[in-house]
Amino acid sequence: MWGACAPVGRAAATGGYRRLPFAGAEVELRHWFAEAAAARGLALAADPFGNLVAWWRPEGPDGARPGVLTGSHLDSVVDGGAFDGPLGVVSALAAVDRLRERGVVPARPLGVAVLAAEEGSRFPVACLGSRLATGALPWERARELRDADGTALPDAMAAAGLDPSAAEAGAGSDVADPDRVACFLELHVEQGRDLVDRGAAVGAASGIWPHGRYRFDFTGRADHAGTTRMEDRRDPMLTYAMTALAANKQARVAGQRATFGRVEVAPNGTNAVPSRVTGWMDARADSEAGLAELVDAVVRLGSDRAGRDGTALDVVPESVQAAVAFDADLTARLAGPRGWPVVPTAAGHDAGVLAEAGVPTAMLFVRNPTGVSHAPDEHAEVADCLAGVAALADCLQELVS
């Protein structure tokens, strides 16, 4: 399965992946998943928001019980790594194979999910599919989302072969329906080096740091790069640059995270002082108070700098995610007897959205020897991936028995 997925969406120039949601490579992987589900006799269900679930349902009344959901996502960030998302989907299918090899007969349904648009790489909301499924993001707001080319979400979904009219009609999803889903267990490659430092191939997650995405609009005055004296300029690029440096310093001092990873400039000419610079800051912290303090400090320092530069700064929170604690009893039940370390994560996941919606949720991590994520160097050794499959299968067997 991994060999079948690996070439899809890989950029030859960088070695990274471009699997943007509702577009070429990601759609190809969705078709691959549908074929893999059919080959296993799993019943594929799709909700109005692009989420897929392949169900293994026992016969008789047990087939109507709330099921155990596992899986992850197939989309990537731009030039992302191979493992973030697809490892959880492939491992879930492999775990189903292993359970069948063991002769397990589930006493409740087991579903393998592909949750749509997790990364926020095309539309400016992370975990879009799970947010729509749980109602955390109303469709009335989501349908107004546009990608960088101006394509509206409903149009992108339709181009991918989906039918957004079901969402318009108010159709729901069983991804977070308590009558359909009893719990969710997501396997994911670790996005850091905690398990490397602990010498463990597999670990569990305790929760997710609070985090947010903030748009910083710096405005000034366009001018000639050659004829305008330095002291006469109102250059928003300077304000942006100093704000990005301030964010780095504030995050380092506080032991938190702040990153300006995306920027747009107008008029974007080599020989022109820009009139506008827009930068997007990703901020994360170990507590909600810490996140608020970090963002407030960066905004204050940026505004102070704008005052000195003769520019203006406007900040808009595009998405803010509160801290998420995974189900402590479920995590202890799965990790405790097996001696797995339980660690926090500063990365967002669909598991966090489902946990906030009231679904008992846990996560498993597979060791990443590079510690790199959202980049081509993201990695997991085959032996560790197989250990992750075994761990996931053991957990699922316990949960469906």
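Just so it is clear, the structure is predicted and the values come from calculations on it, not from any experiment.

Calculation criteria
- Residues numbered from 1 in each chain as written.
- Predicted model: local features only at pLDDT ≥ 70, side-chain atom pairs only at ≥ 80, totals over all residues.
- Heavy atoms only, no water.
- Helix = DSSP H or I, 4+ residues; strand = E, 2+ residues; numbered from the N terminus.
- Rg over C-alpha atoms; globule rule 2.2 N^0.38 Å.
- Areas by Shrake-Rupley, 256 points an atom, 1.4 Å probe, with all protein chains shown as cover.
- Contact = heavy atoms within 4.5 Å.
- Buried < 20%, exposed > 50% of the residue type's maximum accessible area, 1.4 Å probe, protein only.
- Arc of directions from axis to C-beta.
- Core = buried A, V, L, I, M, F, W, Y, C linked by side-chain atoms within 4.5 Å.
- Pairing = 2+ DSSP bridges.
- Axes fitted to C-alpha atoms, helices over the stretch in contact; angles between N-to-C directions.
- Phe/Tyr/Trp six-rings, centres within 6.5 Å; stacked < 30°, edge-to-face > 60°.
- Lys NZ or Arg CZ within 6 Å of the ring centre and 35° of its normal.

1. Things to note about the overall build of the protein chain
Turning to step 1, where the next piece is worked out: Scanning the protein chain for helices and strands turns up 13 helices and 15 strands.
Turning to step 2, where the next piece is worked out: Against the 2.2 N^0.38 benchmark of 21 Å for 401 residues, the protein chain shows a C-alpha radius of gyration of 22 Å, consistent with a compact globule.
Turning to step 3, where the next piece is worked out: Overall size of the protein chain, expressed as C-alpha extent along the three principal axes, is 80 × 45 × 40 Å.
Turning to step 4, where the next piece is worked out: Approximately 16700 Å² of the protein chain is accessible, and the part contributed by carbon and sulfur atoms is 51%.

2. Considering the side chain of Thr243
Turning to step 1, where the next piece is worked out: For Thr243, the position within the fold is in helix 9 (residues 236-254).
Turning to step 2, where the next piece is worked out: Apart from residues no more than four positions distant in its own chain, Thr243 is found in contact with Phe216, Phe218, Phe260, Val298 and Gly302.

3. Quick word on helix 11 (residues 328-335)
Turning to step 1, where the next piece is worked out: Among all positions in helix 11, only Leu330, Thr331, Leu334 and Ala335 are buried. Seen along its axis, helix 11 keeps its buried residues to an arc of 110°; they face one direction. Of the residues in helix 11, the exposed ones pointing more than 90 degrees away from the buried face are Ala328 and Asp329.
Turning to step 2, where the next piece is worked out: In the core, the buried residues of helix 11 are packed alongside strand 5 (181-189), strand 6 (202-208), strand 14 (342-345), strand 15 (361-366) and helix 13 (382-400).

4. Describing the nonpolar core
Turning to step 1, where the next piece is worked out: Counting residues in hydrophobic clusters, the biggest one holds 51 residues, and the most contacted among them are Trp32, Phe33, Leu110, Leu185, Leu364, Leu392 and Leu396.
Turning to step 2, where the next piece is worked out: Once residues lying within four places of it in the same chain are set aside, the contact partners of Leu392 are Thr70, Ser91, Ala92, Ala95, Leu185, Leu187 and Leu364.
Turning to step 3, where the next piece is worked out: By size, the runner-up hydrophobic cluster in this structure holds 23 residues, among which are Leu69, Ala133, Val175 and Ala200.

5. Concerning the pairing of strand 11 (residues 276-284)
Turning to step 1, where the next piece is worked out: Counting buried residues along strand 11, eight of its nine residues qualify, which places the element largely inside the surrounding structure.
Turning to step 2, where the next piece is worked out: Where strand 7 (residues 211-219) and strand 11 come together, nine bridges link them in antiparallel fashion. Bridging across to strand 11, Arg215 finds its partner in Trp280.
Turning to step 3, where the next piece is worked out: Strand direction decides the pairing type here: strand 9 (residues 257-266) and strand 11, joined by nine bridges, are antiparallel. Across the sheet, the residue bridging to Val265 is Val277, located in strand 11.

6. Observations concerning the sheet that holds strand 12 (residues 312-321)
Turning to step 1, where the next piece is worked out: Spatially, four strands are ordered 9-11-7-12 in an open sheet, and the strand pairing comes out antiparallel. On the outer flanks of this sheet lie strand 9 and strand 12, each paired with one strand and no other. On average, each strand axis in the sheet is tilted by 20° relative to the strand beside it, whichever way the strands run.
Turning to step 2, where the next piece is worked out: Pairing of strand 7 with strand 12 involves nine bridges; the strand directions are antiparallel. Within the sheet, the bridge partner assigned to Arg215 lies in strand 12 and is Val316.
Turning to step 3, where the next piece is worked out: Most of the contacts of helix 9 go to strand 9, to which it runs at about 170°, and overall it touches strand 7, strand 9 and strand 11.

7. Focus: the environment of Leu245
Turning to step 1, where the next piece is worked out: Take Leu245: it is sitting in helix 9.
Turning to step 2, where the next piece is worked out: In this structure, the C-alpha to C-alpha distance between Leu245 and His374, residues 129 residues apart in sequence, is 22 Å.

8. Some details on the packing of aromatic side chains
Turning to step 1, where the next piece is worked out: Under the counting rule described, the total for this entry stands at six aromatic pairs.
Turning to step 2, where the next piece is worked out: Here Phe49 and Trp139 contribute two aromatic rings whose centre-to-centre distance is 6.3 Å and whose plane-to-plane angle is 40°, an arrangement assigned as tilted. Residue Phe49 is located in the loop between strand 1 (43-46) and strand 2 (52-56), and its partner Trp139 is located in helix 5 (residues 139-142); the two are separated by 90 residues in the primary sequence.
Turning to step 3, where the next piece is worked out: For Phe49, a relative accessible area of 7% gives the class buried.
Turning to step 4, where the next piece is worked out: Using a relative accessible area of 5% as the deciding quantity, one classes Trp139 as buried.
Turning to step 5, where the next piece is worked out: Between Phe218 and Tyr240 the ring centres are 5.9 Å apart and the planes differ by 75°, which places this aromatic pair in the edge-to-face class. Here Phe218, found in strand 7, pairs with Tyr240, found in helix 9; they are 22 residues apart in sequence, far enough to count as distant. Accessibility assignment for this pair places Phe218 and Tyr240 in one class, buried.
Turning to step 6, where the next piece is worked out: Following the ring pairs from residue to residue traces out a cluster consisting of Phe216, Phe218, Tyr240 and Phe260.
Turning to step 7, where the next piece is worked out: Against the face of Trp55 rests Arg57, its NZ or CZ located 4.6 Å from the ring centre.
Turning to step 8, where the next piece is worked out: Sitting above the plane of the Trp280 ring, Arg262 keeps its charged end 3.6 Å from the centroid.

9. Considerations on the pairing of strand 4 (residues 110-114)
Turning to step 1, where the next piece is worked out: Across the five residues that make up strand 4, a large majority, five, are buried.
Turning to step 2, where the next piece is worked out: Of the two faces of strand 4, the one holding Leu110, Val112 and Val114 and the one holding Gly111 and Ala113 are both buried throughout.
Turning to step 3, where the next piece is worked out: Two elements, strand 2 and strand 4, share five bridges in a ladder whose sense is antiparallel. Opposite Leu52, over in strand 4, you have Val114 as the bridge partner.

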